[in-house]
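The chain contents come next:
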Amino acid sequence: MAWHARIARLVRHRWQDDSHRAIPRELVERLTQRVSASEKRHNGEIRIYVEAGLPTSYVMRDATARERAVAMFGKLRVWDTQHDNGVLIYLLLAERAIEIVADRGLTGRVPEAEWRRIVDAMRDAFRGRRYEEGLNQAVDQVTMLLVQHFPLAPGEQRMNELPDEPALG
């Protein structure tokens, strides 16, 4: 990447402070409730991470949103679930990037096209600045996949391994 493009990208990521406007506190609370309700139906884990801009080190080495999502998948310990079935929904507002990272328990069972379909639906909602609608749809669709592949057995109690509250970076 040329130096002027890198500088422009860096400025965009440093001046971007849209996470709290795009995802206000009330929405964080509603999403927390939605994830909590979802996780009563399966033994998977869903995390949402919304980041205004990449850290400077990522911008300077031309890292992609996908690279950052995979790093956050590890940092938020989504990979560390008992059944290897955690899912991270990652938003990078500065680049309008959406990534879904699923643990190995799901990647072999869910075709890549299914994840792309969920991302595309989110992108359509976000274009109209309907963040809540897009995130609700994504959580619901991921829930359906987890219920299909990792349902709770009758009477089974699940342990909540990760926080349900979306993280804002």
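All values derive from a computational prediction rather than experimental measurement.

K.L.:
I would appreciate a short explanation of the packing of aromatic side chains in the present structure.
P.N.:
Each pair of aromatic rings is reported with the distance of its centres and the angle of its planes. Summed over all chains, the structure comprises two aromatic pairs. Ring centres of Tyr49 and Tyr90 lie 6.0 Å apart, and the angle between their planes is 20°; on these two criteria the pair is classed as stacked. One end of the pair, Tyr49, is in strand β1 (residues 45–51); the other, Tyr90, is in strand β2 (residues 86–92), and 41 residues separate them in sequence. Of the two residues, Tyr49 and Tyr90, neither departs from the other in class, the shared state being buried. Seen in terms of ring centroids, Phe126 and Tyr131 are 5.1 Å apart; in terms of plane orientation they differ by 45°. Their pairing is tilted. You can call Phe126 buried: its relative accessible area is 13%. Given a relative accessible area of 14%, Tyr131 falls into the buried group. In this arrangement the basic side chain of Arg61 is found over the ring face of Tyr58, its NZ or CZ atom lying 4.5 Å from the centre. Between the NZ or CZ atom of Arg68 and the centre of the ring of Tyr58, over which it lies, the distance is 4.9 Å.

K.L.:
Explain the sheet that holds strand β3 (residues 97–102) here, please?
P.N.:
Across the sheet, four strands lie side by side as β3-β2-β1-β4; this open sheet has mixed pairing. Across the chains shown, the open sheet's two edge strands, defined by having one partner strand only, are β3 and β4 (167–168). The sheet strands contacting helix α7 (residues 112–127) are β2 and β3, and the helix crosses β3 at an angle near 150°.

Parameters at a glance
- Residues numbered from 1 in each chain as written.
- Predicted model: local features only at pLDDT ≥ 70, side-chain atom pairs only at ≥ 80, totals over all residues.
- Heavy atoms only, no water.
- Phe/Tyr/Trp six-rings, centres within 6.5 Å; stacked < 30°, edge-to-face > 60°.
- Helix = DSSP H or I, 4+ residues; strand = E, 2+ residues; numbered from the N terminus.
- Buried < 20%, exposed > 50% of the residue type's maximum accessible area, 1.4 Å probe, protein only.
- Lys NZ or Arg CZ within 6 Å of the ring centre and 35° of its normal.
- Pairing = 2+ DSSP bridges.
- Contact = heavy atoms within 4.5 Å.
- Axes fitted to C-alpha atoms, helices over the stretch in contact; angles between N-to-C directions.

On their own, these measurements won't tell you what the molecule is for.
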